[in-house]
Amino acid sequence: MTTTSATTTALTHIAQLVTNDPALGEGPLGLIRDAAVVIDGDRIAWVGPSGKAPATDNAVDAGGRAVLPGFVDSHSHLVFAGDRTEEFNARMSGRPYSAGGIRTTVAATRAAGDDVLRANVARYLAEGLRQGTTTQETKSGYGLTVEDEARALRIAAEQTDEVTFLGAHIVPPDYADDPAGYVDLVTGPMLDACAPHARWVDVFCERGAFDGDQARAILTAGVAKGLVPRVHANQLGHGPGVQLAVELGAASADHCTHLTDADIDALAGSETVATLLPGAEFSTRATWPDARRLLDAGATVALSTDCNPGSSFTSSMPFCIALAVRDMGMTPDEAVWSATAGGARALRRTDVGRITPGARADLALLDAPSHVHLAYRPGVPLVSAVWHKGVLV
């Protein structure tokens, strides 16, 4: 006797479905009420009113709960070892954050074996997935030698498609007296070893890290190797990062905490996404980015966790949505869009961040009737089920 596996599944009786396609429903989120979604393999096959859903092999009754696209976390640092609890505790007692704390993680990461790093990446990816994150970017940046940066990217690429070379995270202690020599290393042998394992090239363009000229050299070299630029920009103060990101056609300028009117205008007039990382401001008691100012100017905004052991040790996109609404001037609709479709824009992806026919079947079912509850009920684990590439996980 031969059996066949069911390949289509309908989610029905969805109170509110966020499609992120205004052509399919209400407003920018393309909201459909009393909706259904049909999954065929790893793709969305159909969306529409629940009463009109076509026949499928399986059916799941959402029971009047909300469904939205899986979150797209477009900025994280998951390949690391060690712990910085003491640094966090001290900072919460009054010491300001600076880029120098990265060196602690560099030492621990260099000393860790591949199995430790691999297990850590898997742990944090699974942690995010449980909270609805179905697309995850992550970076190197805690090795800062040719061998350790290439190792980090190989390990990351085993578990996610969105991998970023961040050899230019800080100047490591062994090059403290020769930053120009380190830039030469990053743009030469390190880039040669790392480019085959990455899609993106990033640089921490900030005081205490890399200045505008150094950042330009690193990003330009990465582009010549086929990598697409993104920039850690304007986190700790005003600087050239945002303007450089726009000039070089970067996919995103990340942090964007301290912006001039010219920076805002540059972002609004470009395809570069302003990725805001409220976990960093929360964890460092820093000034909040002004999302309202960016949105009102017409810039595209993404939200991401910046999950890293030093300045934002959270993998929770729902938490970041709540912070963005409470402290950054975003509406709940804007924050949800930025955590899904906005993240997809920051990764130049059209197959994720939306629930439309042909998109990848990445969905999050909330234990709530509306996506607004993500901000309305902060800290509550509302994601009750996740489909990733069509599979209930």
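Described in the following lines is the structure provided in the data block.

## So, the layout of surface pockets
Now for step 1: The calculated volume of the largest pocket comes to roughly 270 Å³.
Now for step 2: T134, Q136, Q159, T160 and H388 are the residues nearest the centre of the largest pocket, which is lined by 15 residues in total.
Now for step 3: At the level of elements, α3 (114-130) and β6 (133-139) are the ones that each hand at least two residues to the lining of the largest pocket.
Now for step 4: Per-element accounting of the lining of the largest pocket gives the leading share, 4 residues, to β6.
Now for step 5: Considered class by class, the residues forming the lining of the largest pocket number 3 nonpolar, 7 polar and 5 charged.

## Quick look at the sheet that holds strand β13 (residues 363-366)
Sheet strands line up and pair through hydrogen bonds in the backbone, either parallel or antiparallel.
Now for step 1: Reading across from one edge, β3-β2-β1-β4-β13-β14-β15 is the order of the 7 strands in this open sheet, with mixed pairing throughout. Edge strands, defined here as strands with exactly one partner in the open sheet, are β3 (43-49) and β15 (391-392).
Now for step 2: Across 2 bridges, strand β14 (residues 383-388) lies against β15 in antiparallel orientation. Following the sheet pairing, W387 is matched in β15 by L392.

## Notes on the side chain of Q16
Now for step 1: When you line up the elements, Q16 lands in strand β1 (residues 8-17).
Now for step 2: A polar contact of 3.3 Å, which involves the side chain of Q16, links it to the side chain of S370.
Now for step 3: Contact partners of Q16, with chain neighbours within four places excluded, come to L31, I32, R33, R65, A66, V67, P369, S370 and H371.

## Notes on the pairing of strand β8 (residues 200-205)
Now for step 1: Of all the 6 residues making up β8, 6 are buried; the element is thus mostly covered by neighbouring parts of the structure.
Now for step 2: Side-chain alternation along β8 places W200, D202 and F204 on one buried face and V201, V203 and C205 on a second face that is also buried.
Now for step 3: Crossover handedness for the path strand β7 (residues 162-168) to helix α5 (residues 179-194) to β8: right-handed.
Now for step 4: Where β8 lies against strand β9 (residues 228-233), 6 bridges are found, and the strand directions are parallel. Bridge pairing in β9 links V203 to V231.
Now for step 5: The β-α-β motif built from β8, the intervening helix α6 (residues 212-224) and the parallel element β9 has right-handed crossover chirality.

## Brief notes about the nonpolar core
Now for step 1: Counting residues in each nonpolar core, the largest one holds 84 residues, and the members touching the most others are F165, F210, L267, L294 and L303.
Now for step 2: Top element by residues in this core is α5. It accounts for 7 residues.
Now for step 3: Residue contacts for L294: discarding those within four places in its chain leaves L259, I264, L267, A274, L276, A299 and V301.
Now for step 4: Counting 17 residues, the second largest nonpolar core, distinct from the first, contains V37, I355, L365 and W387.

## Some thoughts on the pattern of salt bridges
Now for step 1: Overall, the coordinates contain 20 salt bridges when judged by the stated rule.
Now for step 2: Ionic pairing is found between R292 and E334, a salt bridge with its closest N-O pair at 2.9 Å. Taken together, the residues span a long stretch of sequence, with R292 in helix α10 (residues 291-297) and E334 in helix α12 (residues 332-346) at a distance of 42 residues.
Now for step 3: Bridged by salt links that share partners, the residues E162, R199, R349 and D351 form one connected network.

Cut-off values and rules
Residues numbered from 1 in each chain as written. Predicted model: local features only at pLDDT ≥ 70, side-chain atom pairs only at ≥ 80, totals over all residues. Heavy atoms only, no water. 1 Å grid on protein atoms, 1.4 Å probe; cavity = no way out; pocket = protein on both sides within 12 Å on 5 of 7 lines; lining within 4 Å. Points joined across faces, edges and corners; volume = space filled by probe spheres on them. Helix = DSSP H or I, 4+ residues; strand = E, 2+ residues; numbered from the N terminus. Nonpolar A, V, L, I, M, F, W, Y, C, P; charged D, E, K, R; others polar. Pairing = 2+ DSSP bridges. Polar contact = N/O pair within 3.5 Å; in protein donor to acceptor, adjacent residues only side chain to side chain. Contact = heavy atoms within 4.5 Å. Buried < 20%, exposed > 50% of the residue type's maximum accessible area, 1.4 Å probe, protein only. Right-handed = clockwise from strand over helix to strand, strands pointing away. Core = buried A, V, L, I, M, F, W, Y, C linked by side-chain atoms within 4.5 Å. Salt bridge = Lys/Arg side-chain N within 4 Å of Asp/Glu carboxyl O.

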